Amino acid sequence: MESKKKPRIELGEITYHNIKQLKRLNQYIFPISYNDKFYKDVLEVGDLAKLAFFNDVVVGAVCCRVDVLDGVKRLYIMTLGCLAPYRRRGIGTALLKHVLDICKKKRHFQSVFLHVQINNESAIKFYQNFGFEIVESKEQYYKKIQPTDAFVLRKTFHGDDDEMIEKSNGY
């Protein structure tokens, strides 16, 4: 009797050698295309960008950047996605947990936020399951896709010496 092995999800570095895989993934996952500067910047952010492997196959990625507003550091999720056939298998969760772990370990991020197209109900629900809240609606955020409006979703933190405590309001 053959036993089924549990699928293996691993996160890996994005490098000059595999950046084209990220570019190809993003073309399949997202309705917008990213310019060369986006990919050049991704190579500079270290742990803030990761590829997701499902049984050694690249199926998803997350790319973040540090955003500073009025002297307050926030983490911005530029992209987080997974190929459609691999959704609901824990890959997005692994990518988002990686991002949240960075926020907890580094402790200097007051919040993490992202934009989501207003009709992307599954993405909105996914982030809400992790404590993100819709805090703003941006009209005409997207230029070449319909609908053009986006929600800003945010999860806010404040830390003390013992643990990082989640907070539901304020940047």
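Okay, so let's go over this structure.

Thresholds applied
Residues numbered from 1 in each chain as written. Predicted model: local features only at pLDDT ≥ 70, side-chain atom pairs only at ≥ 80, totals over all residues. Heavy atoms only, no water. Salt bridge = Lys/Arg side-chain N within 4 Å of Asp/Glu carboxyl O. Phe/Tyr/Trp six-rings, centres within 6.5 Å; stacked < 30°, edge-to-face > 60°. Helix = DSSP H or I, 4+ residues; strand = E, 2+ residues; numbered from the N terminus. Buried < 20%, exposed > 50% of the residue type's maximum accessible area, 1.4 Å probe, protein only. Arc of directions from axis to C-beta. Contact = heavy atoms within 4.5 Å.

## Let's talk about the pattern of salt bridges
When the charged atoms of two side chains with opposite charge come close together, those side chains can pair.
Alright, step 1. In total, this model carries 8 salt bridges according to the counting rule given.
Alright, step 2. Where aspartate 47 meets lysine 50, a salt bridge forms, and the shortest distance between an N and an O atom there is 3.2 Å.
Alright, step 3. Shared partners join several salt bridges into a network, and the residues in it are Arg8, Glu10 and Asp56.

## Brief notes about the packing of aromatic side chains
Alright, step 1. According to the stated counting rule, one finds 9 aromatic pairs in the structure shown.
Alright, step 2. For the pair tyrosine 76 and phenylalanine 113, a centre-to-centre distance of 4.9 Å together with 45° between the ring planes defines the contact as tilted. Here phenylalanine 113 lies in strand β5 (residues 111-117) and tyrosine 76 lies in strand β4 (residues 72-82), a separation of 37 residues in the sequence.
Alright, step 3. For tyrosine 76, a relative accessible area of 7% gives the class buried.
Alright, step 4. The class for phenylalanine 113 is buried, based on a relative accessible area of 7%.

## Let's talk about helix α1 (residues 19-29)
The α-helix advances 3.6 residues per turn, and as a result positions three or four apart in sequence lie on the same side.
Alright, step 1. The complete set of buried residues in α1 reads Ile19, Leu22, Leu25, Asn26 and Ile29. Buried residues of α1 fall within an arc of 115° about the axis and therefore sit on the same side. Turned more than 90 degrees away from the buried face of α1, the exposed residues are Lys20 and Tyr28.
Alright, step 2. For α1, the secondary structure elements touched by its buried residues are α2 (36-42), β2 (49-54), β3 (57-69) and β4.

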